[in-house]
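In case you want the letters, here they are:
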Amino acid sequence: MDGKHMQIGEVAARTELSLRTIRHYEETGLVTPSARSQGGFRLYTENDVARLMVIRRMKPLGFTLDQMRDLLEATDRLDADDTLDAHERQALLDRVRGYEQAATEQVEKLRVQLARAEDFARTLHTRLEHDSTAHP
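Caption draft 1: Spotlight on unusual backbone geometry. Although it is not a glycine, Glu16 adopts a positive phi angle of roughly 60°. Turning to its location among the elements, Glu16 is positioned in the loop between α1 (8–15) and α2 (19–27).

So, in structure tokens, the structure goes:
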């Protein structure tokens, strides 16, 4: 390899995704290895890693595979197609903006859940401290 390509193991380590998950994303069409080695091994580029990182970040926010595919398709077209007319570009940007808004809303919901979980953990901690000092 020339340093521009990585095998799936290195990609898995860098993205903190399992080999199985990366293969699943390939099977569902979310990511495609940029090349194959002479031995048939999947080879990935930095762009492939970046794509997997987008997917990895979307997953805990509850986005579906179809939504991930839709967002990636929109950003791919924005990145690759200089011939988009203003209407097409705006429509793609609106799609991306919709995902940005959905992500922001989900992050806020997760913050509320985290605050509740932290409060619960503090309540349990306080209870245990109280019990251990009251009944040594």
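Right, picking up where we left off after that structure.
Caption draft 2: The arrangement of the environment of Pro33 in detail. Its place among the elements puts Pro33 in the loop between α2 and β2 (35–36). Along the sequence, Pro33 and Thr21 sit 12 residues apart, while their C-alpha atoms lie 14 Å from each other. With residues near it in sequence (within four places) discarded, Pro33 still touches Glu26, Arg42, Leu43, Tyr44 and Asp48.

Caption draft 3: Looking closely at helix α4 (residues 65–80). With 16 residues, α4 extends 22 Å between its outermost C-alpha atoms, agreeing within 8% with the 22 Å of an ideal straight helix rising 1.5 Å per residue. Every buried residue of α4 is listed here: Met68, Leu71, Leu72, Ala74 and Leu78. For α4, the angular spread of the buried residues around the axis is 160°, confining them to a single face. Residues of α4 that are exposed and angled more than 90 degrees away from the buried face: Asp66 and Ala80. Looking at the buried side of α4, the elements it contacts are α3 (46–58) and α5 (86–134).

Caption draft 4: Structural view of the sheet that holds strand β3 (residues 42–44). Spatially, the 3 strands line up as an open sheet ordered β1-β3-β2, and their pairing is antiparallel. Edge strands, defined here as strands with exactly one partner in the open sheet, are β1 (6–7) and β2.

Caption draft 5: Structural context of the packing of aromatic side chains. Using the criterion set out here, one finds 1 aromatic pair in the structure. Arranged with centres 5.8 Å apart and planes meeting at 55°, the rings of Phe63 and Tyr99 form a pair that is tilted. Of the two residues, Phe63 is situated in the loop between α3 and α4 and Tyr99 in helix α5; the sequence distance between them amounts to 36 residues.

Caption draft 6: Expanded view of the packing of α1 against α2. In contact at an axis separation of 9 Å, α1 and α2 are set at 105° when each is read in the N-to-C sense. Our classification of the angle between α1 and α2 gives roughly perpendicular. On α2, the residues that touch Ile8, Gly9, Val11, Ala12 and Thr15 of α1 are Leu19, Ile22 and Arg23. Looking at the contact of α1 with α2 residue by residue, the class counts come to 5 nonpolar, 2 polar and 1 charged.

What counts and what doesn't
- Residues numbered from 1 in each chain as written.
- Predicted model: local features only at pLDDT ≥ 70, side-chain atom pairs only at ≥ 80, totals over all residues.
- Heavy atoms only, no water.
- Helix = DSSP H or I, 4+ residues; strand = E, 2+ residues; numbered from the N terminus.
- Contact = heavy atoms within 4.5 Å.
- Expected span 1.5 Å × (residues − 1).
- Buried < 20%, exposed > 50% of the residue type's maximum accessible area, 1.4 Å probe, protein only.
- Arc of directions from axis to C-beta.
- Pairing = 2+ DSSP bridges.
- Phe/Tyr/Trp six-rings, centres within 6.5 Å; stacked < 30°, edge-to-face > 60°.
- Axes fitted to C-alpha atoms, helices over the stretch in contact; angles between N-to-C directions.
- Parallel < 35°, antiparallel > 145°, perpendicular 65-115°, else oblique.
- Nonpolar A, V, L, I, M, F, W, Y, C, P; charged D, E, K, R; others polar.

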